[in-house]
Amino acid sequence: MASNEPASVRAFREWFSANGGSIHEDAYFEREKSGMGVYAKKGISNGQTIVSCPISLAVTDQVARDYLVAVLSDPHQLLEKWSSRELICSYIVMHWVSQEVNPEENGSRPKPLHGPYLEILPPAPNLKTPLQFTDAEIDLLKGTNLHGAALDRIEERSKEWKRCLSLIRETSQKWADAFTWERYKTAATYLSSRAFPSSLLSSSPSLSDPNSTPVLLPGVDSLNHSRGQPVSWVVSNLSNAPTEERLAISLVSRADIHPNSEILNNYGLKSNAELILGYGFALPKNPEDTLVLKLGSSSVRHEITRSGDGIEEVCQELALVLKQQLAEESIEDWDLDLEVLDRFKEMMEVVSSKLYHAGARVEEPEGDVQADVRQMMLTYIAGQLDVSKVILQSLDERWQKALQVAEEQGVEVEF
Ligand SMILES: C[S@@+](CC[C@H](N)C(=O)[O-])C[C@H]1O[C@@H](n2cnc3c(N)ncnc32)[C@H](O)[C@@H]1O
């Protein structure tokens, strides 16, 4: 219950309410493996606000830029070129840096503002995205699409960290020494696993604004995900004043919550690849799983779903490739279909075999592999294999149809 909450949560609650935030009186935080979970002391009825965060408490790229401009020497030109992620990650890391490095070194520089919020976030060892994977864990992904995606993610973040570090070093070598890769990875994981789109924070909120940037909303981001959980994110005016600064974003439950059950959010429909890369967890039998296929040197990326959407587009691309290879030669439609299906099947046999091998390696891993990471990978690979089975089954059905068409045209196809 609230009185048994960890000291960090009590300090967060104090900071949050002193700055205009509010948390439902029957909601309490409990420490768990992934960080915190939020639970209901008593039943909470449909339509009630669970948590409300004023926009003035949000961690935006503007808040981060203002702080960095104030503390770094001559930062203007460089900071202009930083992405929202670089700004926010650096701002987060500077909380730890400025706390650790001699206060005299910091002089009269302003302090970052979100300390009590960062204190309730999961510590680095509890984070499980590929940024935290050991080499052995990354290697286990070989043969899956996630292997390349994980390596790309690590490389991109590492480049960002080096760029940010070089500017920090111009101000203070001690700061630069404390501005570590480990800390930058932690900040980047906080951002990928908790950010909301900035387009939500307007008096006319939207989820599909291409200019949207990531924003952290303390408190609102404390709820775990449940697929399909009915919730609303509501933008309201705290004081009836028509200024954006007085806006707050609230999470409202759209279902009755039973006593002692977890209060959940809904992060939207995401595949396990997306959940692992950004959040560090996977959902068993996730209906949003897709298998990504690319043909040879083609740049087209096909995402095949569990219901087989996307298979037809791969067939069409293969047919185009085959027609180009045949040049002037004429070919019956059913014959082209059979060629396409043959090639597609060959490709899927390679994909499935790689996935089976990856699954077998994950079943009996070698080296430094954590049990929960191994389980997450097994869940991901099972989903990839499910989609590849859907594809193979669809190819068999298409094959039978093409044979039937050939037969109707009086052709008996021999193998
Ligand atoms: C926005 S935070 C949610 C609250 C979080 N548990 C905390 O400590 O603050 C997102 C993180 O919570 C965890 N999480 C959320 N939903 C989950 C779920 N359904 N299964 C496993 N972990 C989940 C993951 O570690 C994820 O990166």
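- Looking at an unreviewed UniProt entry, one finds the chain named SET domain-containing protein, with Sistotremastrum suecicum HHB10207 ss-3 as its source organism.

Focus on the overall build of the chain
Consideration 1: Scanning the chain from N- to C-terminus turns up 14 helices and 12 strands.
Consideration 2: Taking the principal axes of its C-alpha atoms as reference, the chain extends roughly 85 × 55 × 45 Å.
Consideration 3: Considering the chain as a whole, with its 415 residues, one finds that 49% of them fall into the buried category.
Consideration 4: Sequence separation of at least 24 residues holds for 68% of the intrachain contacts in the chain that already meet a minimum separation of 6.
Consideration 5: If you sum the accessible surface of the chain, you get close to 20800 Å²; carbon and sulfur atoms cover 49% of it.
Consideration 6: Side-chain charges in the chain split into 40 positive and 61 negative, and the spacing between the mean points of these groups amounts to 8 Å.

Regarding the domain arrangement of the chain
Consideration 1: For the chain, the assigned domains are domain 1 (1-268) and domain 2 (282-408).
Consideration 2: Of note, the centres of domain 1 and domain 2, computed from C-alpha atoms alone, are 37 Å apart.
Consideration 3: With 16 residues of domain 1 in contact, the opposing surface of domain 2 contributes 23 residues.
Consideration 4: Area buried by domain 1 at its contact with domain 2 is led by Lys128, Leu140 and Arg227, which between them contribute 37% of it.

Digging into the packing of helix 12 (residues 311-326) against helix 13 (residues 333-363)
Consideration 1: Here helix 12 crosses helix 13 at 115°, and the two axes come no closer than 9 Å. Between helix 12 and helix 13, the crossing angle belongs to the class labelled roughly perpendicular. Seen from above, helix 12 lies across helix 13 with right-handed handedness. Contacts from Ile311, Val314, Cys315, Leu318, Ala319, Leu322, Lys323 and Gln325 in helix 12 reach Leu336, Glu339, Val340, Leu341, Arg343, Phe344 and Met347 in helix 13.
Consideration 2: Split by residue class, the contact of helix 12 with helix 13 holds 11 nonpolar, 1 polar and 3 charged.

Examining the nonpolar core
Consideration 1: If you look at the biggest cluster of nonpolar residues, it comprises 68 residues, and the most contacted ones within it are Phe179 and Ile263.
Consideration 2: Once residues lying within four places of it in the same chain are set aside, the contact partners of Phe179 are Ser90, Val93, Met94, Val97, Trp161, Cys164, Leu165, Ile168 and Tyr184.
Consideration 3: By size, the runner-up hydrophobic cluster in this structure holds 47 residues, among which are Ile304, Val314, Val387 and Leu395.

Re the packing of aromatic side chains
A ring pair, where both rings are aromatic, is described by two values, the distance of the centres and the angle of the planes.
Consideration 1: Under the definition given, this model contains 11 aromatic pairs.
Consideration 2: Geometrically, the ring pair formed by Phe12 and Phe16 is stacked, given 5.1 Å between the ring centres and 20° between the ring planes. Taken together, the residues Phe12 and Phe16, both in helix 1 (residues 7-18) and 4 residues apart, mark about one turn of the helix.
Consideration 3: Residue classification places Phe12 among the buried positions, given a relative accessible area of 0%.
Consideration 4: Aromatic pair Trp161 and Trp181: ring centres 5.6 Å apart, planes at 40°, arrangement tilted. Pair noted here: Trp161 is in helix 8 (residues 145-171) and Trp181 is in helix 10 (residues 181-194), with a separation of 20 residues, a long-range link.
Consideration 5: These aromatic residues form a ring-pair network of at least three members: Phe12, Trp15, Phe16 and Phe29.

Rules used in this analysis
Every residue gets a number counted from 1 within its own chain, in the order that chain's sequence is written. Side-chain atom pairs in this predicted model are given and counted only at pLDDT of 80 or more, local residue features only at pLDDT of at least 70, and totals for whole chains, interfaces and linings cover all residues. Side-chain metrics rest on all non-hydrogen atoms present in the structure, leaving aside hydrogens and water. Note on conventions: DSSP H or I runs of at least 4 residues are helices, E runs of at least 2 residues are strands, and numbering of each starts at the N terminus. The classification of residues rests on relative accessible area computed with a 1.4 Å probe and restricted to protein chains. Under 20% of the type maximum is buried, over 50% is exposed, and intermediate values are partly exposed. Contact between two residues is taken to exist if any of their heavy atoms lie within 4.5 Å; hydrogens are not considered. Here the accessible surface of atoms and residues is derived via Shrake-Rupley with a 1.4 Å probe, and residues count as covered only by protein chains that are part of the display. Neither His nor the chain ends is counted toward charge; the positive residues are Lys and Arg and the negative residues Asp and Glu. We put the charge of a Lys on NZ, of an Arg on CZ, of an Asp on CG and of a Glu on CD. Note: domain ranges come from an automatic or database domain assignment. Each of two parts loses accessible area, computed with a 1.4 Å probe, when they are put together; buried area is these two losses added. Note on geometry: axes are lines fitted to C-alpha atoms, helical ones only across the stretch in contact, with angles between N-to-C directions running from 0 to 180 degrees. Orientation labels follow simple angle bins: below 35 degrees gives roughly parallel, above 145 gives roughly antiparallel, 65 to 115 gives roughly perpendicular, and whatever is left gives oblique. By convention, the crossing between two helices is left-handed when the near helix turns anticlockwise from the far helix through less than a right angle, and right-handed when the turn is clockwise. Any residue outside Ala, Val, Leu, Ile, Met, Phe, Trp, Tyr, Cys, Pro, Asp, Glu, Lys and Arg is labelled polar, Gly included; the first ten of those are nonpolar and the last four are charged. Here, the term nonpolar core denotes a set of buried Ala, Val, Leu, Ile, Met, Phe, Trp, Tyr and Cys residues that are joined through side-chain atoms within 4.5 Å. Each pair of aromatic rings taken from Phe, Tyr and Trp, with Trp reduced to its six-membered ring, is defined by centres within 6.5 Å and is described as stacked if the planes are under 30 degrees apart, edge-to-face if over 60, and tilted in the remaining cases.

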